[in-house]
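Here's the letter readout for the chains.
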Amino acid sequence: MRDIMERTPAPRAVFIDFPVGRTFGRRGDPDQQRRTLRDALAELPHFTGPNQIRDLPHQWASADRSWEQMVQDEMTSYGRR
Amino acid sequence: MPFEYLPILTANSGPRGPRLPVSPSRTAWTPVPGPLASLRVALLSSSGVRLPDQPPYESPQDTGYRVIPADAPAAGLVTDHRSTAGTDARHDWEIVFPRAALAALVAEGFVGGATPVHFTFMGGTPRHREVEEELGPALAGELRRAGADLAVIIPY
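Residues numbered from 1 in each chain as written. Chains lettered and ligands numbered in written order. Predicted model: local features only at pLDDT ≥ 70, side-chain atom pairs only at ≥ 80, totals over all residues. Heavy atoms only, no water.

Trainee: Mind showing me how you'd approach the interface of chain B and chain A here?
Mentor: How big an interface is tends to be stated in terms of the accessible area lost upon association of its parts. Taken together, the 49 residues of chain B in the interface contact 48 residues of chain A. Carbon and sulfur atoms supply 66% of the area buried between chain B and chain A, which totals about 4,200 Å² over both sides. When residues of chain B are sorted by the area they lose upon contact with chain A, B:Phe3, B:Tyr5 and B:Trp29 head the list and together hold 18% of the total. Where chain B packs against chain A, one counts three salt bridges. As a salt-bridge pair, B:Glu108 and A:Arg38 come within 2.9 Å of each other at their nearest N and O atoms. (Contact = heavy atoms within 4.5 Å. Buried area = accessible area lost by both parts, 1.4 Å probe. Salt bridge = Lys/Arg side-chain N within 4 Å of Asp/Glu carboxyl O.)

So, in structure tokens, the structure goes:
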């Protein structure tokens, strides 16, 4: 989503490298959801002007990037409709 | 390196041509009116979520919005969004519409409050002019009426 964010400037943007459709984390994990929202909001004082993207360090599954194939499959399935 | 979505959107565009992100004609910038612990926060989700008795979004190109009470049970929410990307949200709307998470942050004093209602709309619409000239101003009016100091816009 960061590539899209770079082309659609916002007043203040926070990026987290989670799979699309799972912005605040895993389903059924309210602690992660609250933590993600909290950390995103905590970036607010650090913006010095518009069109900035601040990156959160959160990872979906540590070094495991297999979720990228899941996302690709989901998006390809939608695109074929 | 963050996962790149644009190549997939381009590859899947078919005869309609690639969907291209569109920048707003201008980027708004409003100073934050105070520390987070004093701010009332509203959520804006492009998940197309609504209450079951609200009118359905007519299509992915619908530029309307729905008003969702902060305390409406999540189990009763439905969506007209047809995206297959992120079906997890249909099992737990909090991951794209974190009303309970926001309420928890209010309870712990991290933010000053939450608006009594939040808002949803349909993401991915190509009707950029209507989004900028109609949907955006309409939501801005709703946010003022709801007493929001800060709005969090959430992609889906």
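Here the narrative resumes, following the displayed structure.
Trainee: Would you explain the environment of A:Ser66 in this entry?
Mentor: All names here are of chain A. Looking at the element boundaries, Ser 66 is found in the loop between strand S2 (52-59) and helix H3 (67-79). Judged by its relative accessible area of 49%, Ser 66 falls in the partly exposed class. Side chain to side chain, Ser 66 and Asp 64 meet in a polar contact 2.8 Å long. (Helix = DSSP H or I, 4+ residues; strand = E, 2+ residues; numbered from the N terminus. Buried < 20%, exposed > 50% of the residue type's maximum accessible area, 1.4 Å probe, protein only. Polar contact = N/O pair within 3.5 Å; in protein donor to acceptor, adjacent residues only side chain to side chain.)

Trainee: Could you clarify how one ought to interpret the nonpolar core in this entry?
Mentor: Inside soluble globular proteins, nonpolar side chains tend to come together where they are buried. Of all hydrophobic cores here, the largest spans 27 residues; its most connected members are A:Leu37, A:Leu41, B:Leu36, B:Leu77, B:Val111 and B:Leu150. Every element with two or more residues in this core is listed here: helix H2 (30-42) of chain A together with strand S1 (40-45), helix H2 (99-107) and strand S7 (150-154) of chain B. Apart from the residues lying within four places of it in its own chain, the contact partners of B:Leu36 are A:Leu41, A:Ala42, A:Leu44, B:Phe110, B:Val111, B:Gly112 and B:Leu150. Membership of the second largest hydrophobic core comes to 18 residues, among which are A:Ile16, A:Val20, B:Ile8 and B:Leu9. (Core = buried A, V, L, I, M, F, W, Y, C linked by side-chain atoms within 4.5 Å.)

Trainee: Sorry, what's going on with the packing of aromatic side chains here?
Mentor: How two aromatic rings sit relative to each other is set out by the distance from centre to centre and by the angle between their planes. Residue and element names in this part refer to chain B. Under the defined criterion, the tally for this structure stands at four aromatic pairs over all chains. Both rings, one in Phe 3 and one in Tyr 5, keep their centres 4.9 Å apart while their planes meet at 85 degrees; by these two values the pair is edge-to-face. According to the relative accessible area criterion, Phe 3 is buried, its value standing at 8%. Overall, the relative accessible area of 2% leaves Tyr 5 in the buried class. For the ring pair Tyr 65 and Phe 119, a centre distance of 6.5 Å and an interplane angle of 70 degrees mean the geometry is edge-to-face. Highlighted residues: Tyr 65 in strand S3 (residues 65-69) and Phe 119 in strand S6 (residues 117-121), separated in sequence by 54 residues. (Phe/Tyr/Trp six-rings, centres within 6.5 Å; stacked < 30°, edge-to-face > 60°.)

Trainee: Quick question: what am I supposed to make of the environment of A:Ile53 here?
Mentor: Residue and element names in this part refer to chain A. Mapped onto the elements, Ile 53 comes out in strand S2. Accessibility expressed as a relative area gives 22% for Ile 53, which makes it partly exposed. A C-alpha to C-alpha distance of 8.6 Å links Ile 53 and Arg 2, two positions 51 residues apart in sequence. Setting aside anything within four residues of it in sequence, one finds Ile 53 in contact with Arg 2, Met 5, Glu 6, Ala 13 and Phe 15.

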